[in-house]
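Here's the letter readout for the chains.
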Amino acid sequence: MKDQNCIFCKIANGEIPSNTVYEDENFRVILDLSPASKGHALILPKEHAENLFTLPEETAQGAILVAKKVGAAMMEALSCTGLNLVQNNGASAGQTVMHFHLHLIPRYDGDGAMVQWEPHSSDPAEQEQIAEKIREALA
Ligand code: AMP
Ligand code: ZN
């Protein structure tokens, strides 16, 4: 289902023009309007889902297959030397458009694109507690 107020629904379904690099029955891949690096693209499902957790399983699987196919083409076409997949869920994770999307960010040596985090030290006891909480939620 489409959400009438969602800009990515409109782009994915061709109601708003975009720089499309790939399209199939379920997805459209477009260039990001404000790219982190040259060629930064977004994989948009045509069906509306706010985030990974409300996305149907087969769409989640399909998104990774599109990333593999289009990412390989980008590596060849753009001569990038790496590529990040980024997918934000929730405002605190940096999600600004509330329609699931998977970023394909081509990387070039020394490009300075800000997709890396600063590592922190970890406490073994706390790590064990965290792991236990997650295991419990999965049980
Ligand atoms: P996120 O922060 O993960 O929600 O990413 C949203 C992305 O969508 C950002 O990288 C924006 O630059 C990009 N974006 C927002 N509006 C448009 C648009 N109309 N066309 C293409 N990209 C867009
Ligand atoms: Zn939408």
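Keep in mind the model is a prediction, meaning the values are calculated, not measured.

Draft legend 1. Representation of the side chain of Q95. In this fold, Q95 is placed in the loop between strand 4 (82-86) and strand 5 (102-107). Among the polar contacts listed, one links the side chain of Q95 to the backbone nitrogen of G90, at a separation of 2.7 Å. With residues up to four places along the chain from it excluded, the contact list for Q95 reads E50, N51, N88, N89, G90 and H101.

Draft legend 2. Representation of the coordination of the zinc ion (ligand 2) within the structure. C6 (SG), C9 (SG), H48 (ND1) and H99 (ND1) make up the full set of protein donors to the zinc ion (ligand 2), lying at 2.0 to 2.3 Å. Of note is the zinc ion (ligand 2), whose 4 donor atoms meet at the metal with angles of 103 to 116° in an arrangement that counts as tetrahedral.

Draft legend 3. Geometry of the environment of F100. Turning to its location among the elements, F100 is positioned in the loop between strand 4 and strand 5. Assessed through its relative accessible area of 4%, F100 is described here as buried. For the pair F100 and E50, spaced 50 residues apart in sequence, the C-alpha separation works out to 5.3 Å.

Draft legend 4. A look at the pattern of salt bridges. Tallied over the entire structure, the rule returns 5 salt bridges. Through salt bridges with shared partners, one network takes in E23, R28 and K46.

Draft legend 5. Seen up close, the site of ligand 1. Residues in contact with ligand 1 amount to 16 residues; listed here are only the nearest, D32, G94, T96, H101 and H103. The contact in question runs from an oxygen atom of ligand 1 to an N or O atom on the side chain of D32, over 2.5 Å. Within the side chain of N88, one N or O atom sits 2.9 Å away from an oxygen atom of ligand 1. Those elements that place two or more of their residues in the shell around ligand 1 are helix 1 (7-12) and strand 2 (27-31). Among the elements that take part in the shell around ligand 1, helix 1 stands out by supplying 3 residues, more than any other. By residue class, the composition of the shell around ligand 1 is 8 nonpolar, 7 polar and 1 charged.

Draft legend 6. Structural detail: helix 2 (residues 57-78). For helix 2, spanning 22 residues, the distance from its first C-alpha to its last is 31 Å, which sits close to the expected 32 Å at 1.5 Å a residue. Looking only at helix 2, the buried set comprises T59, G62, A63, V66, A67, V70, G71 and M74. Buried residues of helix 2, seen end-on, are gathered within an arc of 165° and therefore sit on one face of the element. Set apart from the buried face of helix 2 by more than 90 degrees, the exposed residues are E57, E58, Q61, L65, K68, K69 and E76. Elements that come into contact with the buried residues of helix 2 comprise strand 1 (20-23), strand 2, strand 3 (41-45), strand 4 and strand 5. Positive phi appears at S79, one or two residues downstream of helix 2, with a value of about 50°.

Draft legend 7. Molecular detail of a nonpolar patch on the surface. Judged by side-chain polarity, I130, I134 and L138 come together as a nonpolar surface patch covering roughly 320 Å² of accessible area. Tracing the chain through its elements places I130 in helix 3 (residues 124-138).

Draft legend 8. A look at the pairing of strand 2. Most of strand 2 sits inside the fold, with 4 of its 5 residues counted as buried. Relative to strand 2, strand 1 runs antiparallel, the two being bridged by 3 bridges. Bridge assignment links Y22 to a residue of strand 2, and that residue is V29. Between the antiparallel neighbours strand 1 and strand 2 lie 3 residues. Pairing geometry for strand 2 and strand 3, over 5 bridges, is antiparallel. Residue pairing for strand 3: L31 is matched across the bridge by A41.

Quick notes on the rules
- Residues numbered from 1 in each chain as written.
- Chains lettered and ligands numbered in written order.
- Predicted model: local features only at pLDDT ≥ 70, side-chain atom pairs only at ≥ 80, totals over all residues.
- Heavy atoms only, no water.
- Helix = DSSP H or I, 4+ residues; strand = E, 2+ residues; numbered from the N terminus.
- Polar contact = N/O pair within 3.5 Å; in protein donor to acceptor, adjacent residues only side chain to side chain.
- Contact = heavy atoms within 4.5 Å.
- Donors = N, O, S within 2.8 Å, 3.2 Å for Na, K, Ca; no water.
- Tetrahedral: all angles 85-135°; square planar, octahedral: opposite > 155°, others 65-115°.
- Buried < 20%, exposed > 50% of the residue type's maximum accessible area, 1.4 Å probe, protein only.
- Salt bridge = Lys/Arg side-chain N within 4 Å of Asp/Glu carboxyl O.
- Near = heavy atom within 4 Å.
- Nonpolar A, V, L, I, M, F, W, Y, C, P; charged D, E, K, R; others polar.
- Expected span 1.5 Å × (residues − 1).
- Arc of directions from axis to C-beta.
- Patch = residues over 30% accessible without salt bridge, like charges linked within 9 Å, V, L, I, M, F, W, Y side chains within 5 Å.
- Areas by Shrake-Rupley, 256 points an atom, 1.4 Å probe, with all protein chains shown as cover.
- Pairing = 2+ DSSP bridges.

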